[in-house]
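# Secondary and tertiary structure notes
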Amino acid sequence: MSGKRLKRKKLHSKLFTKNRLVILNEDTFEETFSLKLTLMNVFVVASLGAIFLIAVTTFIIAFTPLREFIPGYSSTQLKKDAAELALKSDSLTNILKKNQAYISSIQKVLTGKLDYAKFNKDSILASATDTIQKVDLSPSKEELELRSEVEKEDKKAQQTVVKKKK
């Protein structure tokens, strides 16, 4: 245990002993700048500087258009264009399929390779004899009441307009 205490005291003394950083002019040996530092101060300042540098870099990349130059990120305009092109390609594919079916049916007609449809005579006759069912379009009691109420309101509105003009 005393060995661990000794190591701690040595580490503590190394971290917190004050050292002087002096910058001298080479020609005149004149002191231009000096600082009193501890190893702990240097470590804290370097750590805070690194954290600050990482935070600023992350902020610049995340909130500026600079992120578009990083592989893996794409711009919002590029995503919109890709979605529009996907929709257009789907619609063009559907139109192409319809045109191909139309062209193949015209080719069958021109070459005479028609598939003759089998008709059921009964269904043809039944469709010819179907009549349209008659629907009663006379107004109901509720509708007649509503019409009379609307007429009364219109008369009242006309009377008030006439009175205002006089």
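Residues numbered from 1 in each chain as written. Predicted model: local features only at pLDDT ≥ 70, side-chain atom pairs only at ≥ 80, totals over all residues. Heavy atoms only, no water.

Scanning the protein chain from N- to C-terminus turns up five helices and two strands. Each helix and strand of the protein chain, placed in order from N terminus to C terminus, yields the pattern α-β-β-α-α-α-α. Counting every position in the protein chain, which comprises 166 residues, the buried fraction comes to 1%. When the accessible surface of the protein chain is summed, it comes to about 16,500 Å², and 63% of that surface belongs to carbon and sulfur atoms. (Helix = DSSP H or I, 4+ residues; strand = E, 2+ residues; numbered from the N terminus. Buried < 20%, exposed > 50% of the residue type's maximum accessible area, 1.4 Å probe, protein only. Areas by Shrake-Rupley, 256 points an atom, 1.4 Å probe, with all protein chains shown as cover.)

This paragraph deals with a nonpolar patch on the surface. A cluster of nonpolar side chains, Phe52, Val56, Phe59, Ile60, Phe63, Leu66 and Phe69, forms an exposed patch at the surface whose accessible area comes to about 790 Å². With respect to the helices and strands, the residue Phe59 is situated in helix α2 (residues 39-63). (Patch = residues over 30% accessible without salt bridge, like charges linked within 9 Å, V, L, I, M, F, W, Y side chains within 5 Å. Salt bridge = Lys/Arg side-chain N within 4 Å of Asp/Glu carboxyl O.)

Moving on: the packing of aromatic side chains. Under the criterion given, the structure shown has one aromatic pair. With a centroid separation of 5.1 Å and 50 degrees between ring planes, the pair formed by Phe59 and Phe63 is classed as tilted. With Phe59 and Phe63 both in helix α2 and four residues apart, the pair spans about one turn of that helix. Of the residues examined, Phe63 reaches a relative accessible area of 62% and is grouped as exposed. (Phe/Tyr/Trp six-rings, centres within 6.5 Å; stacked < 30°, edge-to-face > 60°.)

The next thing to look at is the side chain of Thr38. The topology assignment puts Thr38 in the loop between β2 (31-37) and α2. Within the structure, the side chain of Thr38 is placed 3.1 Å from the backbone nitrogen of Asn41, a separation counted as a polar contact. (Polar contact = N/O pair within 3.5 Å; in protein donor to acceptor, adjacent residues only side chain to side chain.)

The next point concerns unusual backbone geometry. Residue Phe29 is not a glycine yet carries a positive backbone phi of 55 degrees. Mapped onto the fold, Phe29 is located in the loop between β1 (19-24) and β2.

So, about the pattern of salt bridges. When their charged atoms lie close together, side chains carrying opposite charge are able to pair. This structure, assessed with the given rule, holds one salt bridge. Its salt-bridge partner being Arg147, residue Glu143 comes within 2.9 Å of it at the nearest N-O pair. Of this pair, Glu143 and Arg147 are both found in helix α5 (residues 141-165), four residues apart, which corresponds to roughly one turn of the helix. Accessibility expressed as a relative area gives 35% for Glu143, which makes it partly exposed.

The sheet contact formed by β1 and β2 spans six bridges and is antiparallel. Paired with Arg20 across the two strands is Lys36, which belongs to β2. Here β1 folds back onto β2 in antiparallel fashion, the turn holding six residues, of which Phe29 has a positive phi close to 55 degrees. (Pairing = 2+ DSSP bridges.)

Moving on, we get to a negative patch on the surface. A cluster of like negative charges, contributed by Glu142, Glu145, Glu149, Glu151, Glu153 and Asp154, occupies part of the molecular surface. Along the chain, the position of Glu149 falls in helix α5. (Lys, Arg positive; Asp, Glu negative; His and termini not counted. Charge placed at Lys NZ, Arg CZ, Asp CG, Glu CD.)

Once that is clear, we can look at the confidence of the model for the protein chain. On average, the protein chain scores 85 in pLDDT, and the residues at 70 or more come to 88%. Considering each helix and strand of the protein chain separately, the mean pLDDT is smallest for helix α4 (residues 121-129), with a value of 57, and largest for α2, with 94. (pLDDT = per-residue confidence, 0-100.)

On the surface, a cluster of positive charge is made up of Lys4, Arg5, Lys7, Arg8 and Lys9. Tracing the backbone through its elements, the reader meets Lys7 in helix α1 (residues 2-16). Owing to a relative accessible area of 64%, Lys7 belongs among the exposed residues under this scheme.

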